[in-house]
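Each chain is listed here by its residues.
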Amino acid sequence: MALCSVGRPLLQNTQRASGCFFKRKQTFCCKANVAQEEEVRLKLRLFPGGSIDLQKQESGIALMTVNNPSRMNAFSGSMMIELEERVCELESWTEGKGLIVQGAAGTFCSGSDLNAVRAISNPQDGMKMCMFMQNTLTRLLRLPLISVALVEGKALGGGAELATACDFRLLTSDAVIQFVHKHMGLVPGWGGAARLVRIVGSQNALKLLAGAKKVDPDFGQQIGLVDGVLTVGEGNSLVETERWLSQFTKGSAPVIRAVKKVVLSGRELSLDEALTTERHVFGTVWGGPANLEALALKTKHK
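Because the structure is a prediction, the values reported are computed rather than measured. (Residues numbered from 1 in each chain as written. Predicted model: local features only at pLDDT ≥ 70, side-chain atom pairs only at ≥ 80, totals over all residues. Heavy atoms only, no water.)

**Q** Can you walk me through the overall build of the protein in this structure?
**A** A tally of regular secondary structure across the protein gives twelve helices and eight strands. Across the 302 residues that make up the protein, the buried fraction comes to 43%. Sequence-distant contacts, at least 24 apart, represent 73% of the contacts inside the protein between residues at least 6 apart. Roughly 15,900 Å² of accessible area belongs to the protein as shown, and the carbon and sulfur atoms make up 56% of that amount. (Helix = DSSP H or I, 4+ residues; strand = E, 2+ residues; numbered from the N terminus. Buried < 20%, exposed > 50% of the residue type's maximum accessible area, 1.4 Å probe, protein only. Contact = heavy atoms within 4.5 Å. Areas by Shrake-Rupley, 256 points an atom, 1.4 Å probe, with all protein chains shown as cover.)

Structure below.
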C-alpha cells in the first residue's frame, strides 16, 4: 500500500522555500521518514488483534469503530497500522462531510494493548511508535471532515488521546475520560497533551494529567472537554450522535469541507498565513454550485 503524506497539505503554500539545498534536504528527510515508517510497521505487525472498521455512508458521514472488545478496545500493533490506513482512506474521500469515532461493545478505547507495550518498551522503539501514532492522530484531526468522538464506557490513556483528535466529544451519561498515563509512569505521546491544552487550557490540562483525574460528563462540560451528554437508551447513542452531528454537516460537501479547512488554518497558522489560506479556500467555493443556488433562492436571511 502506498503511504499517504504525513505532512500538512493545508499548509503547503506557506512552507515553500527557495534554494536547491532546502529541496535536497527536504527530499532526504522524506525518504528517511518513509524508511522509518516501514520499520515501525514491521514491528507493529508482530502484535496482531482487533481491527479498525470504517463504514462510509451516502449521507457523507463515516463511522470508524475501534474494535477489540476482549481488551476494552485497546490498540494492538496491527490496529495502529489499520488506523493510519483508514485515515489515509478518509483523506481521499471527497464526498465526505463528517466522521464519528466510536468503540465496539459499549466502551470507547483503553489505549495501547499492554502486550505490545511490554514488547516495545525500549526507548528507541517506543519513540518510533509514538511518532507513528502522533502523525496518524494529527492527520485525523486535520481531515476536512467534522469529527465527533462518541464516548461510551471508558476512554483511557491513548483512548483519551484519540478522543482529543476529534473536533467534538459526546459522552453517554455513564462514560469517563481519564488520562491515566501518570499511573503507567508516562505522559501522553500521541499528541494528546498538546491537543488537551488547546481544548481546556493549560490549568485544566495540568489537573487532568498530573492528577489523572476522571472526567465524567458534568465535569467535562464545565471545562470544555465534553460537548454534549447523550441520555438515550442503550443502542440509540449512535443514532443520537448522527442527529447531533447533522446540524454541522447539513449542506454541500465542498462548503462543509471548506469550513473545516479555514478553522484549521485559523488554529494552526500565523494570522498572515491563515488569512492567505482563507482567501484560497474562499476562492474554491465562490461561484460554486452551492453559492449560486443560495443566491438564486435568496437564502441569506432565512
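Next comes the rest of the write-up.
**Q** Got a minute to help me understand the sheet that holds strand β3 (residues 98-103) in this structure?
**A** Strand pairing in a sheet relies on backbone hydrogen bonds, with the paired strands running either antiparallel or parallel. Sheet architecture is open: six strands sit in the order β1-β2-β3-β4-β6-β8, paired in mixed fashion. In this open sheet, the two strands that pair with only one neighbour each are β1 (51-56) and β8 (228-230). Sheet twist, expressed as the average angle between the axes of neighbouring strands with direction ignored, equals 20°. As judged from the six bridges shared by strand β2 (residues 61-67) and β3, these two strands associate in the parallel manner. (Pairing = 2+ DSSP bridges. Axes fitted to C-alpha atoms, helices over the stretch in contact; angles between N-to-C directions.)

**Q** In this structure, what is going on with the packing of aromatic side chains? I would like to understand it.
**A** For any pair of aromatic rings, the description rests on two quantities: the centre-to-centre distance and the angle between the ring planes. What the rule picks out here adds up to five aromatic pairs. Each ring, one from Trp-244 and one from Phe-248, has its centre 5.2 Å from the other, and the planes form 70°; the classification is edge-to-face. Remark: Phe-248 and Trp-244 occur in helix α9 (residues 237-249); sequence separation between them is four residues, near one turn of the helix. Judged by its relative accessible area of 29%, Phe-248 is partly exposed. Pairwise contacts between aromatic rings join Phe-168, Trp-244 and Phe-248 into one cluster. (Phe/Tyr/Trp six-rings, centres within 6.5 Å; stacked < 30°, edge-to-face > 60°.)

**Q** Would you take a moment to explain the pattern of salt bridges for this structure?
**A** Pairs can form between side chains of opposite charge whenever their charged atoms are close. Applying the stated criterion across every chain, the model contains twelve salt bridges. A salt bridge links Arg-86 to Glu-82, with the nearest nitrogen and oxygen atoms 3.7 Å apart. With Arg-86 and Glu-82 both in helix α2 (residues 77-91) and four residues apart, this pair spans about one turn of that helix. Lys-260 is the salt-bridge partner of Asp-167, the closest N and O atoms lying 3.0 Å from each other. Note that Asp-167 is positioned in the loop between α5 (158-164) and β6 (168-172) and Lys-260 in helix α10 (residues 253-268), a separation of 93 residues in sequence. The exposure class of Asp-167 is buried, given its relative accessible area of 18%. A relative accessible area of 6% places Lys-260 in the buried class. Look at the salt bridges and you will find they share partners, linking Arg-41, Glu-84, Glu-91 and Arg-139 into a network. (Salt bridge = Lys/Arg side-chain N within 4 Å of Asp/Glu carboxyl O.)

**Q** Got a minute to help me understand the environment of Leu-209 in this structure?
**A** The residue Leu-209 is located in helix α7 (residues 202-210) in this model. By relative accessible area, Leu-209 is classed as partly exposed at 22%. With 16 residues separating them in the primary sequence, Leu-209 and Ala-193 have C-alpha atoms 8.0 Å apart.

**Q** Which parts of the structure should I look at to understand the side chain of His-181?
**A** For His-181, the position within the fold is in the loop between β7 (176-178) and α6 (192-200). Exposure remark for His-181: the relative accessible area of 9% places this residue in the buried category. A polar atom in the side chain of His-181 sits 2.8 Å from the side chain of Glu-161. Not counting the four nearest positions on each side in its chain, His-181 is found in contact with Gly-157, Gly-158, Glu-161, Leu-186, Val-187 and Pro-188. (Polar contact = N/O pair within 3.5 Å; in protein donor to acceptor, adjacent residues only side chain to side chain.)

**Q** Explain the nonpolar core here, please?
**A** The tendency in soluble globular proteins is for nonpolar side chains to be buried side by side. Counting residues in hydrophobic clusters, the biggest one holds 50 residues, and the most contacted among them are Phe-75, Leu-99, Phe-108 and Ile-177. Considering each element in turn, this core owes the most residues, six residues, to α2. Here Ile-177 is in contact with Val-151, Ala-155, Ala-160, Leu-171, Lys-213, Lys-214, Val-215 and Leu-225, once residues within four sequence places are set aside. (Core = buried A, V, L, I, M, F, W, Y, C linked by side-chain atoms within 4.5 Å.)

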